[in-house]
Each structure stands twice: as structure tokens, then as C-alpha cells.
Amino acid sequence: MSITLEQAIRNAVETERGANSFYAFIAQNTSDPEAKKFLREMAEQEKGHADLIEKLGKKLVDGELPVHADSFVALQETAPGWKFAEDISLVEALQIAAEAEQGAMMYYEMLADFFPEPHKQFFSGLVNAEEEHLSVIDAKLESLAVR
Ligand SMILES: [Fe+2]
Ligand SMILES: [Fe+2]
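Owing to the predicted nature of the structure, the values given are computational and were not obtained by experimental measurement.

1. Re the overall build of the chain
Then, number 1: Summing up its helical and strand segments, the chain has 4 helices and 0 strands in all.
Then, number 2: When its helices and strands are written in sequence order, the chain yields α-α-α-α.
Then, number 3: Rg of the C-alpha trace for the chain: 16 Å, near the compact-globule value of 15 Å for 147 residues, within the 12% margin.
Then, number 4: Dimensions of the chain, computed from C-alpha atoms along their principal axes, come out at roughly 45 × 30 × 25 Å.
Then, number 5: For the chain, the residues scored as buried account for 32% of the 147 residues in total.
Then, number 6: Of the contacts made within the chain by residues no fewer than 6 positions apart, 76% connect residues no fewer than 24 positions apart.

2. Re the confidence of the model for the chain
Then, number 1: Taken over all residues, the pLDDT of the chain has a mean of 96, while the share at 70 or more is 99%.
Then, number 2: Put simply, helix α4 (residues 119–145) is where the chain has its lowest mean pLDDT, 95, and helix α1 (residues 5–26) is where it has its highest, 98.

3. Notes on the packing of α1 against helix α2 (residues 33–61)
Then, number 1: The N-to-C vectors of α1 and α2 enclose an angle of 165°; their axes lie 7 Å apart at closest approach. Taken together, the axes of α1 and α2 lie roughly antiparallel to each other. The interaxial crossing formed by α1 with α2 has left-handed handedness. Of the residues in α2, those touching α1 at Leu 5, Glu 6, Ile 9, Ala 12, Val 13, Glu 16, Arg 17, Ala 19, Asn 20, Tyr 23, Ala 24 and Ile 26 are Leu 39, Met 42, Ala 43, Glu 46, Lys 47, His 49, Ala 50, Ile 53, Glu 54, Gly 57 and Val 61.
Then, number 2: Looking at side-chain class alone, the contact of α1 with α2 contains 14 nonpolar, 3 polar and 6 charged residues.

4. Here's the deal with the packing of helix α3 (residues 90–114) against α4
Then, number 1: Running from N to C, α3 and α4 point in directions that differ by 160°, and their axes come no closer than 8 Å. Judged on the interaxial angle alone, α4 and α3 are roughly antiparallel. Judged by the sense of rotation from one axis to the other, the crossing of α3 with α4 is left-handed.
Then, number 2: Residue classes in the contact of α3 with α4 are distributed as 17 nonpolar, 3 polar and 7 charged.

5. Side note on the environment of Ala 85
Then, number 1: Within the fold, Ala 85 resides in the loop between α2 and α3.
Then, number 2: When the 15 C-beta atoms within 10 Å are taken as the criterion, Ala 85 is described as partly exposed.
Then, number 3: Each C-alpha atom, one on Ala 85 and one on Ser 71, is 26 Å from the other, the two residues being 14 residues apart in sequence.

6. Comments concerning the nonpolar core
Then, number 1: Grouped together as the largest cluster of nonpolar side chains are 30 residues, with contacts concentrated most on Leu 39, Ala 93, Ala 97, Ala 100 and Tyr 108.
Then, number 2: Broken down by secondary-structure element, the contributors of at least two residues to this core are α1, α2, α3 and α4.
Then, number 3: If we ignore the near neighbours within four places in the chain, the residues touching Ala 100 are Ala 19, Phe 22, Glu 77, Thr 78 and Ala 79.

7. Things to note about α2
Then, number 1: For α2, spanning 29 residues, the distance from its first C-alpha to its last is 42 Å, which sits close to the expected 42 Å at 1.5 Å a residue.
Then, number 2: Those residues of α2 not exposed but buried are Ala 35, Phe 38, Leu 39, Met 42, Glu 46, His 49 and Ile 53.
Then, number 3: Just beyond α2, the residue with positive phi is Asp 62, at close to 55°.

The rules behind the values
- Residues numbered from 1 in each chain as written.
- Chains lettered and ligands numbered in written order.
- Predicted model: local features only at pLDDT ≥ 70, side-chain atom pairs only at ≥ 80, totals over all residues.
- Helix = DSSP H or I, 4+ residues; strand = E, 2+ residues; numbered from the N terminus.
- Rg over C-alpha atoms; globule rule 2.2 N^0.38 Å.
- Buried ≥ 20, exposed ≤ 12 C-beta atoms within 10 Å, placed from the backbone.
- Contact = placed C-beta atoms within 7 Å.
- pLDDT = per-residue confidence, 0-100.
- Axes fitted to C-alpha atoms, helices over the stretch in contact; angles between N-to-C directions.
- Parallel < 35°, antiparallel > 145°, perpendicular 65-115°, else oblique.
- Left-handed = near helix turned anticlockwise from the far one by under 90°.
- Nonpolar A, V, L, I, M, F, W, Y, C, P; charged D, E, K, R; others polar.
- Core = buried A, V, L, I, M, F, W, Y, C linked by C-beta atoms within 7 Å.
- Expected span 1.5 Å × (residues − 1).

Next up, the structure:
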């Protein structure tokens, strides 16, 4: 893989936008109020994430980012197999999110591996953010398992 810093940041922004659309979309595939609420909150978080990455990224490169991703990254932080599932339960919603968050972590780890310091840090920060999402989700899953 070879990618410029500017392009990698744009790809990260589009990854987060893809995650936002994905969560918003599958929130419609459930009538469970808790599952819906959780998925909508995830969608909001990912949107915030996209905006923040774009803002910090522009600061980091001190200029504009490319307009488009250079590859199909919109599915990196999703769980595509679930897109047309019906009546998603809260546990399923959490499992879907765990899969999506892991996907994002792997993608950002690949970018973090590619860039030397100091820019490695930017992508390691994204890995950590997704890891945090994942641990919140895992904790919720565990609490449901003992309920
Ligand atoms: Fe994300
Ligand atoms: Fe995430």
C-alpha cells in the first residue's frame, strides 16, 4: 500500500461517514427501542468522529484534503452482512457494532503501520478511539449476558 497523508485522512473521514450511514440505516431494521436508541447513538458518534477527523486532519496537513476517498472505504466500519436483517435485538445490535468497530480498528492499524512518526500517531489515535468504542460495547454485551 502506498498512500499520501492527505489521502489517508480523507479515507478515514469517509470511513466514519460510511459508519454513520450504516448505523443510521440498520437502526431502521429494529423495533426494539433500546436497540434503536443504541444504533442511533452510534450513528451520531461516528458523525462526530468524521467531523473531528476532518478538522484535525486539515490542521495536520495545513491545507485541504482530497475530495474523495481513493478506494471503497465506506464499508470499513460496518458489518455488511447485517444490512438487511430484520428485527434486530439489542444483543444483535451490539454484536453488529462490535464487528463494525473491529473493522475500523483493523483499517486504522494498517494506516498507522504505514506512516512513520509523527504521523503514525494520528492513526494510532483513531485505533484507540475505535478500541474504546469496542470496549464500551463489550461491557454492555457482558452486562446483558448476566441479566
Ligand atoms: Fe468510527
Ligand atoms: Fe467507531
